[in-house]
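Architecture at a glance
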Amino acid sequence: MLEVIGLDAGYGHVQILRNIDINVKEGEIVAILGSNGAGKSTLNNNISGIYRPFAGHIRFLGKDIGGQAPKDIVSLGLVQVPEGRRLFPNLSILENLEVGSYRRGKANRARNISRVLEIFPRLKERLKQPAGTLSGGEQQMVAISRGLMAEPKLLILDEPSLGLSPLLVEQMFDLIKKINDDGLSIVLVEQNVMQSLRLADRAYVIENGVVTLSGNAEDLFENDQLKKSYLGI
């Protein structure tokens, strides 16, 4: 579904990513792992069209999307749930969900609202509540639901566990697995390495703008280099 080939990217004259090769197949959860500042969000923002690559190719469903406008990329079915949730805090939960279908999925808005409320039933009783008054976990539920409202073919989740308690992290990852089981392909971008590897099919580890490890998540979970880097063992 998604191919990133030889990607060089950054901001202004500062290069962050170097020769990144990543691919995502239909139905997979692919984890993009790395510490804060490794270049994960730079990768997301280039895939989503927020920034233009310096070099290389980004293909979605066989179409080269590198440098296209974000609205056009969303229209193709590639949707990002950004780090930090980025909700409209003064709008209600329902209004935030409706905004999610602005570019794509508008015809099925009512059906999709019912669908996301089945996935996140906690939101159902609070639809008129301003999003800014919710807890961190509830805001993350709204952010993911807003992304689902656009009927994505591929959903990028950028740091969905950020700022959540360990119990909520566990619940959030269970919900992500449920969404994937329904057939949605997911790119999971995370600092939470071991938890992500338990969930993903495959993974890439980015350090200092370069892919240093890649492979099946199960194999990487047992990788000594990864354990030493992220767990200190």
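Residues numbered from 1 in each chain as written. Predicted model: local features only at pLDDT ≥ 70, side-chain atom pairs only at ≥ 80, totals over all residues. Heavy atoms only, no water.

1. Comments concerning helix α3 (residues 93-100)
The cut-off we apply is this: For every residue, the accessible area obtained with a 1.4 Å probe (protein chains only) is divided by the maximum for its type, and the residue is called buried under 20%, exposed over 50%, and partly exposed between those limits. Counting from the N terminus, the helices are the DSSP runs of H or I reaching at least four residues and the strands are the DSSP runs of E reaching at least two. What the arc describes is the spread of directions from the helix axis to the C-beta atoms. Any pair of residues with heavy atoms lying within 4.5 Å of one another is described as a contacting pair.
Within the sequence span of α3, burial applies to I93, N96, L97 and G100. For α3, the angular spread of buried residues about the axis comes to 100°, placing them on one side. Its buried side turned inward, α3 meets α4 (109-119) and α5 (136-148).

2. Details of the packing of aromatic side chains
Each aromatic ring pair is described using two quantities: the centre-to-centre distance and the angle formed by the ring planes. To keep things clear, this is the line we draw: Pairs were defined over the aromatic rings of Phe, Tyr and Trp, the Trp ring being its six-membered one, requiring ring centres within 6.5 Å. Orientation was assigned from the angle between planes: stacked under 30 degrees, edge-to-face over 60, tilted for the rest.
Under the criterion given, the structure shown has one aromatic pair. Here Y11 and Y51 contribute two aromatic rings whose centre-to-centre distance is 4.9 Å and whose plane-to-plane angle is 85°, an arrangement assigned as edge-to-face. Of the two residues, Y11 sits in strand β1 (residues 2-11) while Y51 sits in the loop between α1 (40-47) and β4 (55-60), which places them 40 residues apart along the sequence. Assessed through its relative accessible area of 35%, Y51 is described here as partly exposed.

3. Regarding the environment of I73
Structurally, the position occupied by I73 is in helix α2 (residues 70-76). When the C-alpha atoms of I73 and G49 are compared, they prove to be 7.0 Å apart, with 24 residues separating the residues in sequence.

4. Things to note about the sheet that holds strand β5 (residues 63-64)
Inclusion rule: Pairing between two strands is assigned when DSSP locates at least 2 bridges connecting them. Angles shown run from 0 to 180 degrees and are taken between the N-to-C directions of axes, each axis being a line fitted to C-alpha atoms and, for helices, limited to the stretch in contact.
Across the sheet, four strands lie side by side as β2-β1-β4-β5; this open sheet has antiparallel pairing. A strand with exactly one partner marks an edge of an open sheet, and here the two such strands are β2 (14-24) and β5. Taken together, the two bridges between β4 and β5 define a ladder with antiparallel strand orientation. Across the sheet, F60 pairs through a bridge with K63, a residue of β5. α1 rests against β1, β2 and β4 of the sheet, and its axis sits at about 115° to β1.

5. Here we look at the side chain of S196
Note the cut-off: By the criterion applied in these results, polar contacts are pairs of N or O atoms within 3.5 Å in which, for protein atoms, one can donate a hydrogen and the other can accept it, and in which residues neighboring in sequence qualify only through two side-chain atoms.
Relative to the helices and strands, S196 resides in helix α7 (residues 193-199). A polar contact is formed between the side chain of S196 and the backbone oxygen of N192, at a distance of 2.6 Å. In this structure S196 touches A31, L33, F173, L188 and E190, once residues within four positions along its chain are discounted.

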